[in-house]
Amino acid sequence: KNIFLNKNFFNFFFFSSSFLYTSNKSKPNEVTEAVKYAIDIGYRHFDCAAVYGNESELGVAIAAKIKEGVVKREDIFVTSKLWNTNHRPDLVEPALKKTLDNFKLEYLDLYLMHSPMEFQPGDNPFPRDADGNFITGDTDYIDTYRVMEDLLKKGLVKNIGISNFNPQQVERLLSNCTIKPVTNQIECHPYLTEKETSDFCNSKGILITAYSPLAKPGLRADEPKLLEDPKITAIATKYKKTPGQVVLRYQIQRGHLVIPKSVTKSRIQENFNIFDFELSPEDMSTINGMNSNTRVCFRSGLMKHKYFPYK
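Just so you know, these numbers come straight off a predicted model, no measurement behind them. (Residues numbered from 1 in each chain as written. Predicted model: local features only at pLDDT ≥ 70, side-chain atom pairs only at ≥ 80, totals over all residues. Heavy atoms only, no water.)

**Describing the pairing of strand β6 (residues 183-187)**
Every other side chain in a regular strand lies on the same face of the sheet, so the side chains alternate between the two faces. Along β6, five of the five residues are buried, which leaves the element largely enclosed by surrounding structure. Burial along β6 is two-sided: T183, Q185 and E187 facing one way and N184 and I186 facing the other are all buried. Crossover strand β5 (residues 160-163) to β6 through helix α5 (residues 167-176) is right-handed. Here β6 runs beside strand β7 (residues 207-211); their pairing, made up of five bridges, is parallel. Looking across to β7, one finds that T183 is bridged to L207. Of the crossover connections in this fold, the one passing from β6 over helix α6 (residues 195-203) to the parallel β7 is right-handed. (Buried < 20%, exposed > 50% of the residue type's maximum accessible area, 1.4 Å probe, protein only. Helix = DSSP H or I, 4+ residues; strand = E, 2+ residues; numbered from the N terminus. Right-handed = clockwise from strand over helix to strand, strands pointing away. Pairing = 2+ DSSP bridges.)

**What about unusual backbone geometry?**
A positive phi angle is found at N164, which is not glycine, with a value near 60°. Checked against the element boundaries, N164 lands in the loop between β5 and α5. One non-glycine residue, S212, adopts positive backbone phi at about 50°. Counting through the fold element by element, S212 comes out in the loop between β7 and α7 (230-239).

**Side note on the packing of α7 against helix α8 (residues 243-253)**
Direction vectors running N to C along α7 and α8 enclose 95°, while the axes themselves pass 8 Å from each other. By the angle between their axes, α7 is roughly perpendicular relative to α8. Contacts between α7 and α8 involve I232, T233, I235 and A236 from the first element and P243, V246 and V247 from the second. Residue composition of the contact of α7 with α8, grouped by class: six nonpolar, one polar and no charged. (Axes fitted to C-alpha atoms, helices over the stretch in contact; angles between N-to-C directions. Parallel < 35°, antiparallel > 145°, perpendicular 65-115°, else oblique. Contact = heavy atoms within 4.5 Å. Nonpolar A, V, L, I, M, F, W, Y, C, P; charged D, E, K, R; others polar.)

**A closer look at the pairing of strand β3 (residues 77-82)**
Extensive coverage of β3 is indicated by the burial of six of its six residues. In terms of strand pairing, strand β2 (residues 45-47) meets β3 through three bridges, oriented parallel. Bridging across to β3, F46 finds its partner in V78. Once you follow β2 into helix α2 (residues 55-68) and on to β3, the crossover reads as right-handed.

**A look at the layout of surface pockets**
For the second largest pocket, the calculated volume is near 430 Å³. Along its surface, the second largest pocket is lined by 21 residues, and A50, V51, T85, N86 and K98 are the ones closest to its centre. Of all the secondary-structure elements, those providing two or more residues to the lining of the second largest pocket are α2 and α3 (89-103). Tallying contributions element by element places α3 first for the lining of the second largest pocket, with five residues. (1 Å grid on protein atoms, 1.4 Å probe; cavity = no way out; pocket = protein on both sides within 12 Å on 5 of 7 lines; lining within 4 Å. Points joined across faces, edges and corners; volume = space filled by probe spheres on them.)

**A word on the pattern of salt bridges**
As enumerated under the stated definition, the model contains 17 salt bridges in all. D90 is paired through a salt bridge with R88; the nearest N and O atoms lie 2.7 Å apart. Accessibility expressed as a relative area gives 47% for D90, which makes it partly exposed. We classify R88 as partly exposed; its relative accessible area is 36%. A salt bridge links K238 to D283, with the nearest nitrogen and oxygen atoms 2.9 Å apart. One end of the pair, K238, is in helix α7; the other, D283, is in helix α10 (residues 281-288), with 45 residues separating them in the sequence. The class for K238 is exposed, based on a relative accessible area of 51%. The exposure class of D283 is buried, given its relative accessible area of 8%. A single network of salt bridges, built from pairs that share partners, joins D40, K65 and E68. (Salt bridge = Lys/Arg side-chain N within 4 Å of Asp/Glu carboxyl O.)

Structure (C-alpha coordinates):
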(Lines give C-alpha, C1' and ligand atoms only; values in the text may rest on other atoms or scores of the structure.)
Protein backbone atom coordinates (compact mmCIF):
# COMPACT_ATOMS: atom_id res chain seq x y z
CA LYS A 1 0.00 0.00 0.00
CA ASN A 2 1.75 3.12 -1.23
CA ILE A 3 0.58 5.73 1.24
CA PHE A 4 3.39 8.09 0.24
CA LEU A 5 1.72 9.16 -3.00
CA ASN A 6 -1.78 9.44 -1.55
CA LYS A 7 -2.93 13.06 -1.20
CA ASN A 8 -3.72 12.50 2.46
CA PHE A 9 -0.11 11.55 3.10
CA PHE A 10 1.48 14.53 1.41
CA ASN A 11 4.96 14.98 2.73
CA PHE A 12 6.32 17.65 5.03
CA PHE A 13 9.97 18.44 5.65
CA PHE A 14 10.54 21.03 8.32
CA PHE A 15 14.25 21.40 8.95
CA SER A 16 17.39 21.28 6.84
CA SER A 17 20.79 20.26 8.17
CA SER A 18 22.86 17.27 7.16
CA PHE A 19 26.24 16.46 5.65
CA LEU A 20 25.04 17.79 2.31
CA TYR A 21 23.01 20.69 3.67
CA THR A 22 24.05 24.07 4.91
CA SER A 23 22.51 24.50 8.34
CA ASN A 24 19.18 26.32 8.34
CA LYS A 25 17.87 25.40 11.75
CA SER A 26 14.35 26.35 12.73
CA LYS A 27 13.57 27.46 16.28
CA PRO A 28 12.20 24.54 18.37
CA ASN A 29 8.83 26.11 19.09
CA GLU A 30 8.47 26.99 15.41
CA VAL A 31 8.82 23.33 14.53
CA THR A 32 6.21 22.18 17.05
CA GLU A 33 3.66 24.78 15.96
CA ALA A 34 4.36 24.19 12.27
CA VAL A 35 3.79 20.45 12.63
CA LYS A 36 0.56 20.99 14.56
CA TYR A 37 -0.72 23.28 11.83
CA ALA A 38 0.39 20.87 9.10
CA ILE A 39 -1.51 18.01 10.76
CA ASP A 40 -4.61 20.18 11.02
CA ILE A 41 -4.66 20.91 7.29
CA GLY A 42 -3.93 17.32 6.23
CA TYR A 43 -0.23 16.55 6.19
CA ARG A 44 0.52 13.05 7.42
CA HIS A 45 4.14 12.25 6.47
CA PHE A 46 6.85 14.04 8.45
CA ASP A 47 10.51 13.74 7.55
CA CYS A 48 13.08 14.21 10.31
CA ALA A 49 16.57 13.03 11.27
CA ALA A 50 18.68 12.61 14.37
CA VAL A 51 21.16 15.23 13.22
CA TYR A 52 18.41 17.84 12.79
CA GLY A 53 18.10 18.02 16.57
CA ASN A 54 14.33 18.46 16.66
CA GLU A 55 12.85 14.98 16.91
CA SER A 56 11.48 15.85 20.34
CA GLU A 57 9.61 18.88 18.95
CA LEU A 58 7.96 16.71 16.33
CA GLY A 59 7.04 14.17 19.01
CA VAL A 60 5.39 16.88 21.12
CA ALA A 61 3.30 18.04 18.17
CA ILE A 62 2.16 14.52 17.26
CA ALA A 63 1.29 13.70 20.87
CA ALA A 64 -0.74 16.90 21.16
CA LYS A 65 -2.77 16.15 18.03
CA ILE A 66 -3.38 12.55 19.10
CA LYS A 67 -4.59 13.80 22.50
CA GLU A 68 -6.92 16.26 20.76
CA GLY A 69 -8.35 13.41 18.70
CA VAL A 70 -7.31 14.98 15.40
CA VAL A 71 -5.31 11.89 14.40
CA LYS A 72 -4.37 8.44 15.64
CA ARG A 73 -0.77 7.21 15.73
CA GLU A 74 -1.45 4.95 12.74
CA ASP A 75 -2.55 7.98 10.72
CA ILE A 76 0.90 9.58 10.97
CA PHE A 77 3.91 8.43 8.95
CA VAL A 78 7.14 9.37 10.74
CA THR A 79 10.51 9.17 9.00
CA SER A 80 13.88 9.66 10.68
CA LYS A 81 17.47 8.87 9.81
CA LEU A 82 20.57 7.18 11.15
CA TRP A 83 23.39 9.73 11.28
CA ASN A 84 26.85 9.10 9.88
CA THR A 85 28.55 8.80 13.28
CA ASN A 86 26.45 5.73 14.12
CA HIS A 87 27.24 3.46 11.17
CA ARG A 88 29.21 0.98 13.23
CA PRO A 89 26.94 -2.07 13.64
CA ASP A 90 26.93 -1.97 17.45
CA LEU A 91 25.79 1.68 17.39
CA VAL A 92 22.82 1.36 15.02
CA GLU A 93 20.14 0.02 17.38
CA PRO A 94 21.11 2.34 20.29
CA ALA A 95 20.87 5.28 17.87
CA LEU A 96 17.39 4.23 16.81
CA LYS A 97 16.26 3.74 20.40
CA LYS A 98 17.48 7.25 21.24
CA THR A 99 15.44 8.55 18.32
CA LEU A 100 12.36 6.66 19.50
CA ASP A 101 12.83 8.11 22.97
CA ASN A 102 13.08 11.60 21.48
CA PHE A 103 9.81 11.09 19.62
CA LYS A 104 8.19 9.20 22.53
CA LEU A 105 7.13 6.59 19.98
CA GLU A 106 7.29 2.80 20.03
CA TYR A 107 8.23 2.51 16.36
CA LEU A 108 9.14 4.54 13.29
CA ASP A 109 7.29 4.14 10.02
CA LEU A 110 10.51 4.60 8.07
CA TYR A 111 14.18 4.65 9.06
CA LEU A 112 16.79 5.80 6.55
CA MET A 113 20.55 5.60 6.45
CA HIS A 114 21.36 9.30 6.07
CA SER A 115 24.29 8.66 3.74
CA PRO A 116 26.61 5.80 2.71
CA MET A 117 29.56 7.51 4.43
CA GLU A 118 30.67 6.94 8.00
CA PHE A 119 32.02 9.69 10.23
CA GLN A 120 34.15 9.07 13.31
CA PRO A 121 31.82 7.82 16.08
CA GLY A 122 31.27 10.20 18.97
CA ASP A 123 29.19 13.08 20.24
CA ASN A 124 30.34 15.52 17.56
CA PRO A 125 28.07 15.04 14.52
CA PHE A 126 30.61 16.73 12.23
CA PRO A 127 34.06 15.64 13.51
CA ARG A 128 36.98 17.48 11.94
CA ASP A 129 40.74 17.45 12.42
CA ALA A 130 42.94 20.45 13.17
CA ASP A 131 42.97 21.37 9.47
CA GLY A 132 39.19 21.36 9.23
CA ASN A 133 38.93 18.08 7.33
CA PHE A 134 36.16 15.63 8.17
CA ILE A 135 37.28 12.65 10.24
CA THR A 136 35.68 9.70 8.54
CA GLY A 137 35.40 5.99 9.22
CA ASP A 138 35.64 2.81 7.16
CA THR A 139 32.45 0.96 8.11
CA ASP A 140 30.89 -0.57 5.02
CA TYR A 141 27.35 0.70 4.51
CA ILE A 142 26.37 -2.89 3.73
CA ASP A 143 27.17 -3.88 7.32
CA THR A 144 25.20 -0.91 8.61
CA TYR A 145 22.18 -1.75 6.47
CA ARG A 146 22.16 -5.37 7.62
CA VAL A 147 21.63 -4.18 11.18
CA MET A 148 18.81 -1.94 9.94
CA GLU A 149 17.20 -5.05 8.47
CA ASP A 150 17.28 -6.55 11.97
CA LEU A 151 15.54 -3.45 13.34
CA LEU A 152 12.68 -4.07 10.95
CA LYS A 153 12.46 -7.73 11.96
CA LYS A 154 12.27 -6.64 15.61
CA GLY A 155 9.33 -4.35 14.86
CA LEU A 156 11.19 -1.18 15.87
CA VAL A 157 10.66 0.21 12.36
CA LYS A 158 8.04 -0.56 9.72
CA ASN A 159 10.21 0.23 6.70
CA ILE A 160 13.86 0.95 5.98
CA GLY A 161 15.54 2.96 3.25
CA ILE A 162 18.56 4.99 2.23
CA SER A 163 19.54 8.55 1.41
CA ASN A 164 22.20 10.09 -0.83
CA PHE A 165 23.07 6.80 -2.54
CA ASN A 166 24.12 6.74 -6.19
CA PRO A 167 22.90 3.98 -8.57
CA GLN A 168 26.06 1.91 -8.19
CA GLN A 169 25.75 1.96 -4.41
CA VAL A 170 22.07 1.01 -4.61
CA GLU A 171 22.95 -1.88 -6.92
CA ARG A 172 25.64 -3.12 -4.52
CA LEU A 173 23.20 -2.87 -1.62
CA LEU A 174 20.58 -4.90 -3.47
CA SER A 175 23.17 -7.57 -4.26
CA ASN A 176 24.25 -7.99 -0.64
CA CYS A 177 21.11 -7.49 1.46
CA THR A 178 17.77 -9.24 1.75
CA ILE A 179 15.31 -6.38 2.33
CA LYS A 180 14.97 -3.83 -0.45
CA PRO A 181 14.98 -0.18 0.65
CA VAL A 182 11.59 1.41 0.07
CA THR A 183 13.08 4.76 -0.93
CA ASN A 184 16.29 6.59 -1.78
CA GLN A 185 16.11 10.20 -0.57
CA ILE A 186 18.19 12.49 -2.77
CA GLU A 187 18.49 16.15 -3.69
CA CYS A 188 16.23 16.66 -6.70
CA HIS A 189 14.83 19.76 -8.41
CA PRO A 190 14.67 21.16 -11.97
CA TYR A 191 18.35 22.13 -11.89
CA LEU A 192 19.24 18.61 -10.71
CA THR A 193 16.73 16.15 -12.16
CA GLU A 194 18.78 13.04 -11.28
CA LYS A 195 17.29 11.15 -14.21
CA GLU A 196 19.80 8.30 -14.04
CA THR A 197 19.22 7.67 -10.34
CA SER A 198 15.46 8.07 -10.69
CA ASP A 199 15.23 5.68 -13.64
CA PHE A 200 17.45 3.11 -11.97
CA CYS A 201 15.60 3.16 -8.66
CA ASN A 202 12.26 3.04 -10.46
CA SER A 203 13.40 -0.05 -12.34
CA LYS A 204 14.14 -1.70 -9.00
CA GLY A 205 10.85 -0.69 -7.37
CA ILE A 206 12.52 1.89 -5.12
CA LEU A 207 10.80 5.25 -4.71
CA ILE A 208 12.72 8.50 -5.00
CA THR A 209 12.18 11.06 -2.25
CA ALA A 210 13.15 14.54 -3.46
CA TYR A 211 14.67 16.79 -0.81
CA SER A 212 15.36 20.48 -1.46
CA PRO A 213 12.79 20.41 -4.29
CA LEU A 214 12.70 24.23 -4.30
CA ALA A 215 16.52 24.44 -4.56
CA LYS A 216 16.71 26.18 -1.15
CA PRO A 217 15.39 29.63 -2.14
CA GLY A 218 16.98 32.61 -0.45
CA LEU A 219 19.50 30.63 1.56
CA ARG A 220 22.58 32.30 0.05
CA ALA A 221 23.02 35.10 -2.43
CA ASP A 222 25.02 32.90 -4.79
CA GLU A 223 22.45 30.07 -4.92
CA PRO A 224 20.53 29.64 -8.20
CA LYS A 225 17.10 31.24 -7.84
CA LEU A 226 14.91 28.46 -9.18
CA LEU A 227 11.65 30.13 -8.19
CA GLU A 228 12.61 33.21 -10.20
CA ASP A 229 13.60 31.26 -13.31
CA PRO A 230 11.63 32.66 -16.30
CA LYS A 231 10.66 29.16 -17.46
CA ILE A 232 9.18 28.31 -14.07
CA THR A 233 7.43 31.65 -13.63
CA ALA A 234 5.90 31.40 -17.10
CA ILE A 235 4.49 27.95 -16.34
CA ALA A 236 3.21 29.21 -12.99
CA THR A 237 1.39 32.08 -14.70
CA LYS A 238 -0.17 29.67 -17.18
CA TYR A 239 -1.71 27.55 -14.41
CA LYS A 240 -2.38 30.47 -12.03
CA LYS A 241 -0.14 28.81 -9.46
CA THR A 242 3.01 29.89 -7.64
CA PRO A 243 6.46 28.84 -8.89
CA GLY A 244 6.84 26.71 -5.77
CA GLN A 245 3.63 24.83 -6.51
CA VAL A 246 4.81 24.17 -10.06
CA VAL A 247 8.13 22.61 -9.02
CA LEU A 248 6.43 20.49 -6.33
CA ARG A 249 3.83 19.31 -8.83
CA TYR A 250 6.69 18.45 -11.20
CA GLN A 251 8.09 15.97 -8.66
CA ILE A 252 4.67 14.42 -8.00
CA GLN A 253 4.14 13.81 -11.72
CA ARG A 254 7.54 12.13 -11.93
CA GLY A 255 6.30 9.66 -9.33
CA HIS A 256 8.63 11.08 -6.68
CA LEU A 257 7.88 11.75 -3.05
CA VAL A 258 8.51 15.40 -2.30
CA ILE A 259 9.44 16.98 1.03
CA PRO A 260 9.42 20.80 0.99
CA LYS A 261 10.70 22.48 4.12
CA SER A 262 8.64 25.21 5.75
CA VAL A 263 7.62 26.53 9.16
CA THR A 264 5.48 29.35 7.71
CA LYS A 265 1.75 28.71 7.76
CA SER A 266 1.06 30.34 4.41
CA ARG A 267 3.80 28.30 2.74
CA ILE A 268 2.68 25.08 4.41
CA GLN A 269 -0.82 25.64 3.01
CA GLU A 270 0.51 26.68 -0.39
CA ASN A 271 2.71 23.59 -0.65
CA PHE A 272 -0.33 21.41 0.04
CA ASN A 273 -2.46 22.90 -2.75
CA ILE A 274 -0.92 21.11 -5.71
CA PHE A 275 -3.50 18.43 -6.38
CA ASP A 276 -5.97 20.53 -8.40
CA PHE A 277 -3.88 20.92 -11.56
CA GLU A 278 -1.64 18.86 -13.82
CA LEU A 279 1.38 19.94 -15.83
CA SER A 280 1.15 19.17 -19.53
CA PRO A 281 3.67 16.84 -21.20
CA GLU A 282 5.16 19.91 -22.88
CA ASP A 283 5.64 21.70 -19.59
CA MET A 284 7.15 18.60 -18.02
CA SER A 285 9.57 18.43 -20.94
CA THR A 286 10.47 22.10 -20.50
CA ILE A 287 11.28 21.58 -16.82
CA ASN A 288 13.23 18.41 -17.56
CA GLY A 289 15.30 20.46 -19.99
CA MET A 290 16.37 22.84 -17.23
CA ASN A 291 18.74 20.26 -15.73
CA SER A 292 22.29 21.55 -15.27
CA ASN A 293 23.46 19.02 -12.66
CA THR A 294 23.66 21.88 -10.15
CA ARG A 295 23.74 20.84 -6.50
CA VAL A 296 22.69 23.31 -3.83
CA CYS A 297 23.20 20.87 -0.97
CA PHE A 298 26.88 20.12 -0.79
CA ARG A 299 29.55 20.30 1.86
CA SER A 300 33.20 20.21 0.84
CA GLY A 301 35.77 17.98 2.46
CA LEU A 302 34.13 14.64 1.78
CA MET A 303 35.08 13.86 -1.81
CA LYS A 304 38.00 11.68 -0.70
CA HIS A 305 35.73 9.36 1.29
CA LYS A 306 35.64 5.98 -0.44
CA TYR A 307 31.83 5.96 -0.31
CA PHE A 308 31.32 9.56 -1.39
CA PRO A 309 28.32 9.25 -3.73
CA TYR A 310 28.75 12.20 -6.09
CA LYS A 311 32.19 11.88 -7.65
